[in-house]
2 protein chains.
Amino acid sequence: MPGVRPVFYVSDGTGITAETIGHSLLTQFTQTRFVTERYSFVDSVERAAEIAPKIRAAAEEYGVRAVVINSCVDSVVSSALAESGALMLDVFAPFIEPLERELGEARERRIGQAHGLVNFETYHRRINAMNFALTHDDGAATDYAGADVILVAVSRAGKTPTCVYLALHYGIRAANYPLTEEDLEHDRLPPRLRPWRNKLFGLTIDPVRLQQIRQERRPNSRYAQFDTCKREVAAAEMMFRGEGIPTLSTTHTSIEEIASKVLTTLGIHREMF
Amino acid sequence: MPGVRPVFYVSDGTGITAETIGHSLLTQFTQTRFVTERYSFVDSVERAAEIAPKIRAAAEEYGVRAVVINSCVDSVVSSALAESGALMLDVFAPFIEPLERELGEARERRIGQAHGLVNFETYHRRINAMNFALTHDDGAATDYAGADVILVAVSRAGKTPTCVYLALHYGIRAANYPLTEEDLEHDRLPPRLRPWRNKLFGLTIDPVRLQQIRQERRPNSRYAQFDTCKREVAAAEMMFRGEGIPTLSTTHTSIEEIASKVLTTLGIHREMF
């Protein structure tokens, strides 16, 4: 029976940085079960003083010290949180001093900067990429001249979430093209994809898994039969191989990982939002 | 003229954790201009040894030491990267020892766990939330019984990206409803929204900004005229106030921050993906 440990993500902004690094740290500890809570926009001592007793109460409830993963830039706020008695992990503290020394400048303690500031130009790029992903989803529009990437796969292999993720987080204009039964009768790329060979990335998936996903969507349809899934996946994989299209299996791959591999493989460099 | 500093995000997985914390750190240094590059899936000494000379070359090009923000869990890989002579910032190292001591267990050094593992149940929740967001985008479907959140706003105020973000990162079933001119002729909520009052969240926006966004989308239309924008925004704000709908201006707010405030305001707690 693993121990249970309460963990609090506390931030003066959205808390995304604290939760991202916290989640990465906690996944490295497999013997403990973590119950997590998030407090965002904790930007005053008063707010911190409201939260500290809640953290203390959780520690009492579980009978163990709580862990606070904290990204508040104001040390007075952090001190008020520390009144809870929790193990305080400040996600910025260890890196600030070496960076200040290396860069020869002092950091500016502005609150919630990372995910709070809006630069209109990058906002536009992001929103336009999102609109592109939605209008070019599932082969709806096939004017691919403006696309950075075109994901190609059979239905339900993970194209849409990957395209949306690429748009939201990298400002990438990602279209996706569903291989139809007709497309799969030929070994060659569908004609409308041929001019864009260097933008293509194929997704594939274990037919057993595909069958589960399709079954949930359209129970007991021919579409969801295992034989259909197996035949479609085999035909798509043969097409990708024959045409030299880079391919990734999404069966055990998260959306983040698929997106990251698409960018690495196609040699696209964009900063993350 | 600010100094330019090359920064490398290096990871044995997607690099999302390294880039997220790195971005948060770098925004605190405003006197330096950073040029960044990402190396994902660096999971062997051989791969690290290929990259180290590129880091060294960038340092020579810019005439300053490079910074490496590193989330590789294998210290042999990190050592190979350190051959580059860069300032090495290991995003996990400072927190592992205090966590091991507190939890009474040693971490497991598995590679790329945070954004690599796929749990089918959470994957399903995420994908289903995404499908929900897309089918309930822009008032397309209005069966709101299954919605966790319904964002309400005039056209182009930021509803769609926020819904997609909520779906992707929190598995939230977020619908959005565009206030039409007809809706805005009345001070009261449109009838189809009234049963779902506790799921509603209003977005508003500076009419000047809205005009810019609409102008880009449909140049010189009535829809994009400043008067139209001003009138629609004022009517929407009056409706939100009169009906007691919580509201946020998206003018200077990032997608992450809007999403985070929606969750905080409506009291929805979900772990991030």
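Definitions and limits used
- Residues numbered from 1 in each chain as written.
- Chains lettered and ligands numbered in written order.
- Predicted model: local features only at pLDDT ≥ 70, side-chain atom pairs only at ≥ 80, totals over all residues.
- Heavy atoms only, no water.
- UniProt positions renumbered as here; feature names shortened; annotations may be inferred.
- Axes fitted to C-alpha atoms, helices over the stretch in contact; angles between N-to-C directions.
- Helix = DSSP H or I, 4+ residues; strand = E, 2+ residues; numbered from the N terminus.
- Parallel < 35°, antiparallel > 145°, perpendicular 65-115°, else oblique.
- Contact = heavy atoms within 4.5 Å.
- Nonpolar A, V, L, I, M, F, W, Y, C, P; charged D, E, K, R; others polar.
- Least-squares fit on C-alpha atoms with pLDDT ≥ 70 in both.
- Core = buried A, V, L, I, M, F, W, Y, C linked by side-chain atoms within 4.5 Å.
- Buried < 20%, exposed > 50% of the residue type's maximum accessible area, 1.4 Å probe, protein only.
- Pairing = 2+ DSSP bridges.
- Buried area = accessible area lost by both parts, 1.4 Å probe.
- Salt bridge = Lys/Arg side-chain N within 4 Å of Asp/Glu carboxyl O.
- Polar contact = N/O pair within 3.5 Å; in protein donor to acceptor, adjacent residues only side chain to side chain.
- 1 Å grid on protein atoms, 1.4 Å probe; cavity = no way out; pocket = protein on both sides within 12 Å on 5 of 7 lines; lining within 4 Å.
- Points joined across faces, edges and corners; volume = space filled by probe spheres on them.

- Going by the annotation in an unreviewed UniProt entry, the name recorded for chain A is Putative phosphoenolpyruvate synthase regulatory protein, with Agrilutibacter niabensis given as the source organism.
- The annotation that UniProt attaches to chain A under Sequence similarities (unreviewed entry) is "Belongs to the pyruvate, phosphate/water dikinase regulatory protein family. PSRP subfamily."
- Quoted straight from UniProt, the Function (unreviewed entry) entry for chain A says "Bifunctional serine/threonine kinase and phosphorylase involved in the regulation of the phosphoenolpyruvate synthase (PEPS) by catalyzing its phosphorylation/dephosphorylation."

1. Notes on the packing of helix α5 (residues 120-135) of chain A against helix α6 (residues 159-170) of chain A
All names here are of chain A.
- For the pair α5 and α6, interaxial distance at closest approach is 8 Å and the crossing angle is 170°. Between α5 and α6, the angle is such that the two are roughly antiparallel. Two secondary-structure elements touch here, α5 through Arg125, Arg126, Ala129, Met130, Ala133 and Leu134 and α6 through Cys163, Val164, Ala167, Leu168, His169 and Tyr170.
- For the contact of α5 with α6, a count of residues per class yields 9 nonpolar, 1 polar and 2 charged.

2. Thoughts on the relation of the copies chain A and chain B
- Taken as rigid bodies, chain A and chain B are interconverted by a rotation of 180° and an axial shift of 0.0 Å, the fit giving an RMSD of 0.0 Å. Both chain copies can therefore be described as sitting about a two-fold axis.
- Here 100% of the contact residues of chain A are again contact residues in chain B; the copies associate through an equivalent surface.

3. Focus: the nonpolar core
- One finds A:Ile150 and B:Ile150 to be the most contacted residues of the largest nonpolar core, which totals 102 residues.
- Look past the residues within four positions of B:Ile150 in its chain and what remains in contact with it is B:Tyr144, B:Ala175, B:Tyr177, B:Leu193, B:Trp196, B:Lys199, B:Leu200 and B:Phe201.
- Counting residues in hydrophobic clusters, the runner-up holds 38 residues, among them A:Ile21, A:Phe34, A:Val73 and B:Leu103.

4. Re the sheet that holds strand β1 (residues 3-10) of chain B
- Reading across the sheet, the 4 strands line up as β2-β1-β3-β4 (chain B) and stay open at both edges, with parallel pairing between neighbours. Looking at the sheet topology across the chains shown, the edges are occupied by β2 (32-39) and β4 (87-90) of chain B. Going across the sheet, the axis of each strand differs from the next one's by a mean of 20°, ignoring polarity.
- Bridge analysis of strand β3 (residues 67-70) of chain B against β4(B) gives 4 bridges, and the strand direction is parallel. Considered in β4(B), the bridge of B:Ile69 is made with B:Leu89.
- Together, β1, β2, β3 and β4 of chain B form the strand contacts of helix α4 (residues 93-103) of chain A, whose direction differs from that of β4(B) by roughly 165°.

5. Observations regarding the interface of chain A and chain B
- Opposite the 88 residues of chain A that make contact, chain B presents 88 residues.
- For the chain A and chain B pair, buried surface summed over both sides reaches about 8400 Å², with 62% attributable to carbon and sulfur atoms.
- Among the residues chain A hides against chain B, the three largest losses belong to A:Gln28, A:Phe29 and A:Phe95. Together they make up 9% of the total.
- The interface formed by chain A and chain B holds 6 salt bridges in total.
- Here B:Glu256 and A:Arg126 are joined by a salt bridge, their closest N and O atoms 2.6 Å apart.
- Counting across the interface, chain A meets chain B through 35 residue pairs in polar contact (both at pLDDT 80 or more).
- Among the elements of the structure, α1 (16-26), β2 (32-39), β4 (87-90), α4, α5, α6, α8 (207-217) and α10 (255-266) of chain A are those that each provide at least two residues to the side of chain A that touches chain B.
- For the side of chain A that touches chain B, the element with the highest residue contribution is α5(A), accounting for 9 residues.

6. Some words on the environment of B:His124
- Within the element layout of this structure, B:His124 appears in helix α5 (residues 120-135).
- On the basis of relative accessible area, B:His124 is assigned to the buried category, the value being 19%.
- The spatial distance from the C-alpha of B:His124 to the C-alpha of B:Gly171 is 9.0 Å, given a sequence separation of 47 residues.
- In this structure B:His124 touches A:Arg209, A:Ile213 and A:Glu216, once residues within four positions along its chain are discounted.

7. As for unusual backbone geometry
Residues and elements named next belong to chain A.
- Here the phi dihedral of Asp138 falls at roughly 55°; this positive angle occurs in a residue that is not glycine.
- Tracing the sequence through the fold places Asp138 in the loop between α5 and β5 (149-153).
- Residues other than glycine seldom take positive phi values, yet Asn220 does so here, at roughly 60°.
- Residue class for Asn220 comes out exposed when judged on its relative accessible area of 68%.

8. Some thoughts on empty space enclosed by the protein
- This structure, assessed with the given rule, holds 3 cavities of 30 Å³ or more.
- Reported here for the largest cavity is a volume of approximately 250 Å³.
- Listed by contribution, the elements that provide at least two residues to the lining of the largest cavity are α1 and α6 of chain A together with α1 (16-26) and α6 (159-170) of chain B.
- The residue makeup of the lining of the largest cavity, split by class, is 8 nonpolar, 8 polar and 4 charged.
- Here the second largest cavity defines a volume of roughly 50 Å³.
- Around the second largest cavity, the lining is made up of 10 residues, and of these A:Arg209, A:Ile213, A:Thr250, A:Thr251 and B:Tyr123 lie nearest the centre.
- For the lining of the second largest cavity, the per-class residue count stands at 6 nonpolar, 2 polar and 2 charged.

9. Considerations on the UniProt feature "binding site: ADP" (unreviewed entry) in chain A
- Here the UniProt feature "binding site: ADP" (unreviewed entry) sits at A:Ala153, A:Val154, A:Ser155, A:Arg156, A:Ala157, A:Gly158, A:Lys159 and A:Thr160. Of the annotated set named above, A:Arg156 and A:Ala157 line the second largest cavity.
- By secondary structure assignment, the location of A:Gly158 is in the loop between β5 and α6.
- With residues up to four places along the chain from it excluded, the contact list for A:Gly158 reads A:Leu203 and B:Tyr123.
- With respect to the element layout, A:Lys159 can be found in helix α6.
- On the accessibility criterion, A:Lys159 (4% relative accessible area) is buried.

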